[in-house]
Amino acid sequence: VQLQASGGGLVQAGGSLRLSCAASGVFFSIDTMGWYRQAPGKERELLAAFVSGSRIFYASSVKGRFTISRDNAENMVYLQMNSLKAEDTAVYYCYVLERPEPGLQNEYWGQGTLVTVSS
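Residues numbered from 1 in each chain as written. Predicted model: local features only at pLDDT ≥ 70, side-chain atom pairs only at ≥ 80, totals over all residues. Heavy atoms only, no water.

Caption draft 1: Structural context of the nonpolar core. With 29 residues, the main nonpolar core has Trp 35, Phe 66, Ile 68, Leu 79, Met 81 and Tyr 92 as its most contacted residues. Taken together, the elements giving at least two residues each to this core come down to strand E1 (2–6), strand E3 (17–24), strand E4 (30–38), strand E5 (45–51), strand E7 (66–71), strand E8 (76–81), strand E9 (90–98) and strand E11 (113–118). (Core = buried A, V, L, I, M, F, W, Y, C linked by side-chain atoms within 4.5 Å. Buried < 20%, exposed > 50% of the residue type's maximum accessible area, 1.4 Å probe, protein only. Helix = DSSP H or I, 4+ residues; strand = E, 2+ residues; numbered from the N terminus.)

Rendered as structure tokens:
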């Protein structure tokens, strides 16, 4: 099982980027699929995720600016980021939490893609 994130880069404040995450391998009972980020000196933060199938979570810091979407047929998850701010600068990670059976869980992380927003 692998997660491959892409789409990061340098963008000016107010601009947009779209991150992509390709999931390969076989997953059993995905509970959560989404995006985290980690800024320098800060803890990793959950930004947006599909939780327990259809429920969507957004962190308050990105609500209204970021949109998560997915293509189940292609095993892809996306993060459309609009109105970017300097404080959005971070390494962004895609993430999958799998619960193959009661009491068991597996976590998978992509390699991270750097987003730098210049002010």
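Caption draft 2: Looking closely at the pattern of salt bridges. The tally for this structure, following the rule as stated, stands at four salt bridges. With a closest N to O distance of 3.4 Å, Arg 99 and Asp 31 form a salt bridge. You can see Arg 99 sitting in the loop between E9 and strand E10 (106–109) and its partner Asp 31 sitting in strand E4, a full 68 residues away along the chain. For the salt bridge of Asp 88 with Arg 37, the shortest nitrogen-to-oxygen distance reads 2.9 Å. Taken together, the residues Asp 88 in the loop between E8 and E9 and Arg 37 in strand E4 connect sequence positions 51 residues apart. An identical accessibility class is assigned to Asp 88 and Arg 37; each is buried. Put simply, Arg 37, Glu 45, Arg 65 and Asp 88 are held in one network by salt bridges that share partners. (Salt bridge = Lys/Arg side-chain N within 4 Å of Asp/Glu carboxyl O.)

Caption draft 3: The arrangement of the side chain of Thr 32 in detail. Relative to the helices and strands, Thr 32 resides in strand E4. The exposure class of Thr 32 is buried, given its relative accessible area of 9%. A polar contact of 2.7 Å, which involves the side chain of Thr 32, links it to the side chain of Asp 31. Setting aside residues no more than four positions away along its own chain, Thr 32 makes contact with Ala 49, Phe 50, Val 51, Tyr 95, Val 96 and Leu 97. (Polar contact = N/O pair within 3.5 Å; in protein donor to acceptor, adjacent residues only side chain to side chain. Contact = heavy atoms within 4.5 Å.)

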